[in-house]
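For reference, the chains in residue letters:
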Amino acid sequence: MSLKESDVQQIAHLARLAVDQDRLPEHARNLSAILDFVEAMSAVDTAAVEPLAHPLEMSQRLRPDQVSEEDQRELFQSIAPAVEEGLYLVPRVIE
Amino acid sequence: MEWETVIGLEIHAQLATRSKIFSGASTAYGAAPNTQACAVDLGLPGVLPVLNAEAVNMAVRFGLATGCTIAPRSVFARKNYFYPDLPKGYQISQYELPVVYEGEVLIELDDGETMRVGVTRAHLEEDAGKSLHEGFQGVTGIDLNRAGTPLLEIVSEPDLRSAKQAVAYMKKIHSLVRYLEICDGNMQEGSFRCDANVSMRPKGQAEFGTRAEIKNLNSFRFVEKAINYEVERQIDLLESGGTVVQETRLYDSVKGETRSMRTKEEANDYRYFPDPDLLPLEITADEIEQIRATLPELPDAKKARFVSDFGLSPYDAAVLTAGRDLADYFEAVVEAADGEAKLAANWVMGDLSGALNRDGREIGDSPVSPQMLGGMLKRISDNTISGKIAKDVFEAMWNGEGDADAVIEAKGLQQVTDTGAIEAMIDEVIAANPGQVEQYRGGKDKLLGFFVGQVMKASKGKANPAQVNEMLKKKL
């Protein structure tokens, strides 16, 4: 399976990665090589294999519905770039 | 061309747990910003989500109430997108294997018909935080208290054919989650909201048309208006030779229109994959049976019982069972009124509901308790007071003047059933209106009503109208 440069650009955009335009062909080639490597798996008949959701053969442990966390806003916000009136501030996002 | 509307709803119900779905932070509404956002909710490095047992329990309750299959094994997945109110860069949701799937609900249509609406699936996921745009210059404020609040996303089949049906379905789900006590249903606070997928197709065509998704509708009225607007918009577009674009739209309740929402649509590639932080969720048949045993009587069953046991009309039974609180209140009134169910239904749906609306109160804080109302109804059925006087008694009880017997005693409202007293009043009325008497005797039967009115007036409403009627006919 081979990725086009436009696919790489789209994937980079979805992941918010800044990709150097000059290196697009190289990325397309490398990523395609990884896909080709995995493609070998397609030869295996998996009709009777249940899809793997997690490598551990265990099920999810549940916790009782109890409030156990205290307010640590001051601590958490001490590492935030900008806060005001208890809110985290980010560049304006509304359309 | 004749068009057919096709609608499917995705309802988000906030589950009424005390703590969040994957952390021990509180879910209480209205706290100061970010005071209920812990390290897990903030997505700080090194934290791990641990699933809340009660959220699972609630999802199963919903599944059982809608005849869904409960998945013995379901899987949490990451839905990836970037937005500042989503700290991890992904929302933990369920994708290929939801916790419950393939059920149905019955909705009541205006013509009294019942319609089946398929529930495709309901899955567990976490809510995002809130973005606050107002009051800031060039920046947005982020409150992550809501981040990690458990949601049940309930997806319907595209079975709905009009805005009215969509509203009826949404109301049914709203009623169900409240009966099940899994969601407070508070739409102002965003605890219950929905997205509507709307498309049009020529009547008779099997394939669906291209759909638009209207996001974040938080009232029944907005759902109806937004869908109706969208239907008009799509028909205009199609009939003028255009095509509907698959996109996300927002409903502007001030302008009453939907408009395209451009920012998020390009990212409609969420790259779901199983969340490696969470193991598959397993639910055993035993656990399901234990939960089934705790289910309350649900609205459809209650409605059927109200019709068969109390002789109510299906319409009245539907109104009285729409909310569990109202249904419980009604049943308590019937018991206090020695089984006068129809009378109780009329008063609960009439004067009581009217007074609650007028004063903006919920049934739970009605100043007139079911015992008080039932006590008053007993006085109507034993002829101590007339239905008309009862309205005054009700108002007095509403205003805190005591129970029915106390009010009747204090105000001297007992019905006059003493034939002598009524006869005297009738004689006076006949004497005072010779002209009308002559006309009545000349065959103008309708005047009987006039005489009854006059006598009732003379008795200040306290005479028994049936008795007055009877005696007047004889006298005249």
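Just so you know, these numbers come straight off a predicted model, no measurement behind them.

A. Seen up close, helix α10 (residues 370-381) of chain B. Residue and element names in this part refer to chain B. For α10, built from 12 residues, the straight-helix expectation of 16 Å at 1.5 Å per residue is met to within 8% by its first-to-last C-alpha distance of 16 Å. Restricting attention to buried positions, one finds in α10 the residues Pro370, Met372, Leu373, Gly374, Gly375, Met376, Leu377 and Ile380. Looking at the packing, one finds that the buried side of α10 touches α8 (324-336), α9 (341-359), α11 (387-398) and α12 (404-411). At the exit of α10 stands asparagine 383, carrying a positive phi of roughly 65°.

B. Highlighting the domain arrangement of chain B. As assigned here, chain B comprises domain 1 (8-186 + 263-290), domain 2 (299-411) and domain 3 (419-475). Look at where the C-alpha atoms of domain 1 of chain B and domain 3 of chain B centre, and you get two points 66 Å apart.

C. A look at empty space enclosed by the protein. Inspection of the entire model under this criterion finds 1 cavity of 30 Å³ or more. By volume, the largest cavity is sized at about 50 Å³. Residues belonging to the lining of the largest cavity are distributed by class as follows: 5 nonpolar, 1 polar and 5 charged.

D. Region of the structure containing the layout of surface pockets. Residue and element names in this part refer to chain B. Of the pockets and cavities examined, the second largest pocket occupies roughly 1,600 Å³. Considering the residues around the second largest pocket, the lining is formed by 43 residues, among which Lys171, Ala318, Val319, Ala322 and Gly323 are closest to the centre. Examining the composition of the lining of the second largest pocket, we find that 9 residues originate from one element, helix α3 (residues 163-179), more than from any other. Among the residues forming the lining of the second largest pocket, the class breakdown is 19 nonpolar, 11 polar and 13 charged. Residue contributions to the lining of the second largest pocket reach at least three from each of two domains, namely domain 1 (8-186 + 263-290) and domain 2 (299-411).

E. Region of the structure containing the sheet that holds strand β11 (residues 150-156) of chain B. Residue and element names in this part refer to chain B. Strand order in the open sheet formed by 9 strands is β3-β7-β8-β11-β1-β12-β13-β14-β15, and the pairing between neighbours is mixed. The open sheet is flanked by β3 (69-70) and β15 (257-260), the only strands paired with a single partner. Looking at chain direction, β3 and strand β7 (residues 100-108) are connected through 2 bridges and run antiparallel. In the sheet register, isoleucine 70 faces β7, and the bridge partner there is valine 100.

Here is what the cut-offs are and how they apply
Residues numbered from 1 in each chain as written. Chains lettered and ligands numbered in written order. Predicted model: local features only at pLDDT ≥ 70, side-chain atom pairs only at ≥ 80, totals over all residues. Heavy atoms only, no water. Helix = DSSP H or I, 4+ residues; strand = E, 2+ residues; numbered from the N terminus. Expected span 1.5 Å × (residues − 1). Buried < 20%, exposed > 50% of the residue type's maximum accessible area, 1.4 Å probe, protein only. Contact = heavy atoms within 4.5 Å. Domains from an automatic or database assignment. 1 Å grid on protein atoms, 1.4 Å probe; cavity = no way out; pocket = protein on both sides within 12 Å on 5 of 7 lines; lining within 4 Å. Points joined across faces, edges and corners; volume = space filled by probe spheres on them. Nonpolar A, V, L, I, M, F, W, Y, C, P; charged D, E, K, R; others polar. Pairing = 2+ DSSP bridges.

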